[in-house]
Amino acid sequence: MPGGRLTQQERQQIALGVADGLAYAEIARRLERPTSTITREVMRNGGPTAYRADLAHRAAERRAHRRRQTAPRAAQAPAPAHGRDPEAVRDYEEVFTTVLMQTGVPKMMARVLTCLYTSDTGTTTAAELVRRLQVSPASVSKAISYLENQGLVRRERDERRRERYVADDDVWYQSMIASARGTIQLAETARQGVGVLGRDTPAAARLENIARFLDFVSESITRAADQAREVLHTRPEPAPDSEPTPGSAS
């Protein structure tokens, strides 16, 4: 498969493929590129509904220019953990941030969440966020307050009494349960309209069907979240330090 950065012609083909409703895998096959490359390209440039080849290409050129300007500083930076590719990590963080924004999370808040979710510790301080995101302390404070109110992060003190922000492993479970509760409330409200509009009327029948549908959805969400909750707390097994050699003692 060809490597290197996407060309403007390839981006035009991506735009045509997205407009035609092609799957990312099919676009990637036609361009002889990894599917992840196409997914990252589209999601970091507005998503499938807003992707434009010309804007995406200019954005890529700006990013390349910024990276060239910061190359001397990057050369002095410590080596990335676990042998990660810094450019691939940055690209992924942009994709993750874009997807969070498409779910309704404001941009600054999405950037903070991405920092937390992609860190090995799952925690950070305000100073670390300021340095990593290159934003003001006020922007970080505002983002944390928003995320805390949404139940997406929590605060704690470390051994040096510094305030740290934590992405709780259980936050996705709580989010799903909150969504299910909201769906239940909507179902109950729809069902109240049945008596108001007259049980044997078309409007009442519609509301009853909506209520039954929402009941089923909320029950399914709650059941699935309860069954899968432990997945959020799974920890990777440590890799063995060394493989046993043939004939060695057990």
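Residues numbered from 1 in each chain as written. Predicted model: local features only at pLDDT ≥ 70, side-chain atom pairs only at ≥ 80, totals over all residues. Heavy atoms only, no water.

Structural notes on the pattern of salt bridges
Argument step 1. For the coordinates displayed, the defined rule picks out 14 salt bridges.
Argument step 2. The residue Arg30 makes a salt bridge to Glu26 at a minimum N-O spacing of 2.8 Å. With Arg30 and Glu26 both in helix H2 (residues 24-31) and four residues apart, the pair spans about one turn of that helix.
Argument step 3. A relative accessible area of 24% places Glu26 in the partly exposed class. (Salt bridge = Lys/Arg side-chain N within 4 Å of Asp/Glu carboxyl O. Helix = DSSP H or I, 4+ residues; strand = E, 2+ residues; numbered from the N terminus. Buried < 20%, exposed > 50% of the residue type's maximum accessible area, 1.4 Å probe, protein only.)

As for the side chain of Ser218
Argument step 1. Relative to the helices and strands, Ser218 is located in helix H11 (residues 202-228).
Argument step 2. In this structure Ser218 comes out as buried when scored by relative accessible area, which is 2%.
Argument step 3. A distance of 3.0 Å separates a polar side-chain atom of Ser218 from the backbone oxygen of Asp215. (Polar contact = N/O pair within 3.5 Å; in protein donor to acceptor, adjacent residues only side chain to side chain.)

As for the nonpolar core
Argument step 1. Ranked by internal contacts, the top residues of the largest apolar core, which has 21 residues, are Met108, Val112, Leu129, Leu133 and Leu147.
Argument step 2. Breaking this core down by element, the ones donating at least two residues are helix H7 (107-117), helix H8 (126-133) and helix H9 (137-149).
Argument step 3. It is H7 that contributes the most residues to this core, seven residues altogether.
Argument step 4. Not counting chain neighbours up to four residues away, the residues in contact with Leu129 comprise Val112, Cys115, Thr124, Gln134, Val135, Val140, Ile144 and Tyr165.
Argument step 5. Judged by nonpolar contacts, the second largest core, of ten residues, contains Leu6, Ile27, Ile38 and Tyr51. (Core = buried A, V, L, I, M, F, W, Y, C linked by side-chain atoms within 4.5 Å. Contact = heavy atoms within 4.5 Å.)

Thoughts on the confidence of the model for the chain
Argument step 1. Per-chain confidence: the chain averages 83 in pLDDT, with 87% of residues scoring 70 or above.
Argument step 2. For the chain, the element scoring lowest by mean pLDDT is helix H5 (residues 71-76), at 48; H11 scores highest, at 94.
Argument step 3. A low-confidence stretch, residues 242-250 (pLDDT under 50), is modelled with zero contacts involving residues beyond four sequence positions or located in other chains. (pLDDT = per-residue confidence, 0-100.)

Side note on the pairing of strand S2 (residues 154-157)
Argument step 1. As paired strands, S2 and strand S3 (residues 163-166) are joined by four bridges and run antiparallel to one another. Residue Arg157 lies in a different strand from S3, and its bridge partner there is Glu163.
Argument step 2. Where S2 hands over to S3, the hairpin turn is made up of five residues, of which Arg161 adopts a positive phi near 65°. (Pairing = 2+ DSSP bridges.)

What about the packing of helix H10 (residues 171-197) against H11?
Argument step 1. The contact between H10 and H11 brings their axes to 8 Å, and the two run at 160°. Taken together, the axes of H10 and H11 are roughly antiparallel relative to one another. Seen from above, H10 lies across H11 with left-handed handedness.
Argument step 2. In the contact of H10 with H11, the residues fall into 18 nonpolar, four polar and five charged. (Axes fitted to C-alpha atoms, helices over the stretch in contact; angles between N-to-C directions. Parallel < 35°, antiparallel > 145°, perpendicular 65-115°, else oblique. Left-handed = near helix turned anticlockwise from the far one by under 90°. Nonpolar A, V, L, I, M, F, W, Y, C, P; charged D, E, K, R; others polar.)

Looking at the side chain of Asp170
Argument step 1. Mapped onto the secondary structure, Asp170 falls in the loop between S3 and H10.
Argument step 2. You can call Asp170 buried: its relative accessible area is 11%.
Argument step 3. For Asp170, the side chain forms a polar contact with the side chain of Arg229, separated by 2.5 Å.
Argument step 4. Every residue in contact with Asp170, bar those within four places of it in the chain, is listed here: Arg229, Leu232 and His233.

Some details on unusual backbone geometry
Argument step 1. Of note, Glu32 is a non-glycine position whose phi angle comes to about 60°, a positive value.
Argument step 2. The residue Arg161 is not glycine, and still its phi comes out positive at about 65°.
Argument step 3. Tracing the backbone shows Arg161 in the loop between S2 and S3.

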